[in-house]
Amino acid sequence: MLESTQLVIEEALQKLGYGEDMIAFLKEPIRLLTVRIPIRMDDGNTRVFIGYRSQHNDAVGPTKGGVRFHPDVNEMEVKALSIWMSIKCGIANLPYGGGKGGIICDPRKMSFRELERLSRGYVRAISQIVGPSKDIPAPDVMTNSQIMAWMMDEYSRIREFDSPGFITGKPLVLGGSLGRESATARGVAIMIDEALSKKGIPLQDARVVIQGFGNAGSYLAKFMHEAGAKVIGISDVNAALYNEKGLDIEDLMERRDSFGTVTNLFKDTITNEELLSLDCDILVPAAIENQITADNADKIRAKIIVEAANGPTTLEATRIVTERGILLVPDVLASAGGVIVSYFEWVQNNQGYYWSEAEVDTKLREMMVHGFNQVYELHQTRHVNMRLAAYMVGVRKMAEAVRFRGWV
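Figured I'd write up the structure that's included with this text. Numbering of residues starts from 1 in each chain and follows the order in which that chain's sequence is written. It should be noted that, the model being predicted, local features are given only for residues of pLDDT at least 70 and side-chain atom pairs only at 80 or more, the latter also being counted only at that level, while totals for whole chains, interfaces and linings use all residues. Only hydrogens and water are set aside when side-chain values are computed; all heavy atoms of the structure are taken into account.

**Side note on the overall build of the chain**
As a reminder of what qualifies: Runs of E in the DSSP output that reach at least two residues are strands. Runs of H or I that reach at least four are helices, and both are numbered from the N terminus. This radius of gyration counts C-alpha atoms alone. The globule rule is 2.2 Å times how many residues there are, raised to the power 0.38. The cut-offs for exposure are 20% and 50% of the maximum accessible area for each residue type, with area from a 1.4 Å probe on protein chains only; residues under the lower value are buried, those over the upper are exposed, and the others partly exposed. Should any heavy atoms of two residues lie within 4.5 Å, those residues are counted as being in contact.
Assigned secondary structure in the chain consists of 14 helices and eleven strands. Taken over the C-alpha trace, the chain has a radius of gyration of 20 Å; the compact-globule value for 408 residues is 22 Å, and the two agree within 12%. Based on the C-alpha atoms only, the size of the chain along its principal axes is roughly 55 × 55 × 40 Å. Burial statistics for the chain: of 408 residues in total, 58% are counted as buried. Excluding contacts between residues fewer than 6 apart, the proportion of contacts in the chain whose partners are at least 24 apart in sequence is 69%.

**What about helix α14 (residues 386-405)?**
Note the following rule: In this analysis, the expected span of each helix is defined as 1.5 Å times one less than the number of residues it contains. Here the bend at each residue means the angle between axes fitted to two seven-residue stretches, the one ending at that residue and the one beginning there. In the analysis that follows, any N or O atom pair within 3.5 Å is treated as a polar contact, provided that within protein one partner can donate a hydrogen and the other can accept it, and provided that, for residues neighboring in sequence, both atoms belong to side chains.
Spanning 20 residues, α14 covers 30 Å between terminal C-alpha atoms, matching the ideal 28 Å at 1.5 Å per step. Largest kink in α14: about 30°, centred on V395. The element α14 is largely enclosed, with a buried count of 14 among its 20 residues. The N-capping residue of α14, defined by a side-chain oxygen 3.0 Å from the backbone nitrogen of R387, is N385. Positive backbone phi, approximately 80°, marks G406, located one or two places after α14.

**Notes on the packing of helix α6 (residues 183-199) against helix α12 (residues 337-351)**
To keep it simple, the criterion reads: Note on geometry: axes are lines fitted to C-alpha atoms, helical ones only across the stretch in contact, with angles between N-to-C directions running from 0 to 180 degrees. Oblique is the label for every angle not falling under 35 degrees (roughly parallel), over 145 degrees (roughly antiparallel), or within 65 to 115 degrees (roughly perpendicular). Handedness of a helix crossing follows the sense of rotation of the near helix relative to the far helix, less than a right angle counterclockwise being left-handed and clockwise being right-handed. Ten residues, namely Ala, Val, Leu, Ile, Met, Phe, Trp, Tyr, Cys and Pro, are considered nonpolar, four, namely Asp, Glu, Lys and Arg, are considered charged, and the remaining ones, Gly among them, are considered polar.
At their nearest, the axes of α6 and α12 sit 7 Å apart, and the two run at 125° to each other. Judged by the inter-axis angle, α6 sits oblique to α12. As for how α6 packs across α12, the hand of that crossing is right-handed. Facing α6, whose interface residues are A183, T184 and G187, α12 presents G337, G338 and V341. Counted by class, the contact of α6 with α12 contains two nonpolar, four polar and no charged residues.

**Some thoughts on the nonpolar core**
We apply this condition: Note on terminology: a nonpolar core comprises buried Ala, Val, Leu, Ile, Met, Phe, Trp, Tyr and Cys residues joined through side-chain atoms within 4.5 Å.
With 89 residues, the main nonpolar core has V284 and V306 as its most contacted residues. Among the elements that line this core, the one with the most residues is α14, at twelve residues. Sequence-distant contacts of V284, that is, excluding residues within four places in its chain, are made with V188, I192, V209, I210, Q211, L220, V306 and A308. Core analysis: the second largest hydrophobic core is formed by 24 residues, I37, F69, V123 and M152 among them.

**Quick notes on helix α1 (residues 2-15)**
Counted only if it meets this: When we speak of the arc, we mean the arc of directions from the helix axis to the C-beta atoms.
The terminal C-alpha atoms of α1 lie 20 Å apart, and with 14 residues this matches the ideal 20 Å at 1.5 Å per residue to within 8%. Within α1 the residues assigned to the buried category are L2, T5, Q6, V8, I9, A12 and L13. Taken end-on, α1 shows its buried residues confined to a sector of 165°, consistent with a single buried face. Among the exposed residues of α1, those pointing more than 90 degrees away from its buried face are E3 and L7. Tucked into the core, α1 has its buried residues touching α2 (20-26), α3 (75-91), α10 (315-323) and α14.

Dropping the structure here:
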């Protein structure tokens with residue numbers, strides 16, 4: 001993941017005319033903190049968890065990015081994800097660099113109180129390098145508004161003043177923003193609208209396949225269903241469901257568990273591999289990385305791919321699907337809705353003035369559409385694929401900030 005990200009960063013900077021010194025500087029995070037967090041478990045034993053916080057570049061402003069709780073978290077992944085956050089912020093023209101954090105753990109096997117202790121312990125461990133004007137965390141894989149609330153409370157205790165702007169994705173009663181929970185999916189839905197327009201395909205009755213039924217995938221399915229599209233396939237970690245006439249999304253939303261699992265309630269399922277090769281108008285990988293590869297890219301039968309997950313399509317697969325005429329909207333653009341509304345939350349916290357959900361949605365659409373148009377125009381005029389075009393748009397602001405500061 002990190003190597004492929006660095007390859008695209010390098011190519012984007014070369015296309016923009018920057019030299020090797022800038023490439024060497026921006027290919028790696030400026031700061032990576034590894035922490036060990038001792039936590040008293042419910043059985044009385046103490047277990048030590050490993051956590052990370054990567055800050056890619058703060059030339060533009062404070063770094064920003066989520067914290068994930070997952071057994072597969074590792075240093076290379078966190079570094080790559082922090083670079084992706086920088087690109088997302090650049091595309092959206094936010095005053096941030098990219099950050100990302102994670103803890104190696106499985107929250108599905110931990111109690112509520114163990115998760116609280118771990119969340120607070122992580123904040124204590126990283127408190128010296130984070131803050132409202134340094135680095136602002138947010139929810140990510142297997143973290144939620146409750147975990148953000150614990151983290152905010154712990155940071156406020158350490159600093160001895162209330163600090164809602166330290167973290168985003170909080171509950172509304174603690175300074176969260178309306179529209180934050182569904183922001184990533186809302187942004188993906190906006191990108192689907194724009195991509196369909198470019199392809200001349202109406203949204204009404206468009207056939208949509210969504211891999212993943214967690215926060216982003218389930219909300220997106222809901223939005224697509226409400227807009228008149230037919231969601232013909234969805235999947236979770238176990239299997240996939242398919243109905244060429246359209247799935248009952250409202251029923252699936254009600255029956256899914258907190259981790260997005262629902263297919264275990266059905267006997268007639270297909271595999272995730274079969275799901276990806278379904279004949280459809282829009283394919284949305286909203287699960288994990290490396291799902292569309294050189295091995296299956298020629299089997300994709302979608303007209304449009306919109307990446308809601310991080311890194312679901314490899315670089316070789318990107319080349320293959322682009323050559324086949326499939327319009328691919330890359331993750332750093334398509335999933336930027338989350339960080340955009342996190343920015344709105346931070347602004348509201350700093351001002352002490354809170355917006356309506358309609359205001360949030362209007363501002364989100366404006367910024368997402370502007371980002372899409374910039375990337376699509378560069379894709380057309382410079383004859384590069386959409387992923388490289390997105391990186392070129394996203395990295396330019398950061399590189400210029402580095403240059404003006406005199407760092408390189």
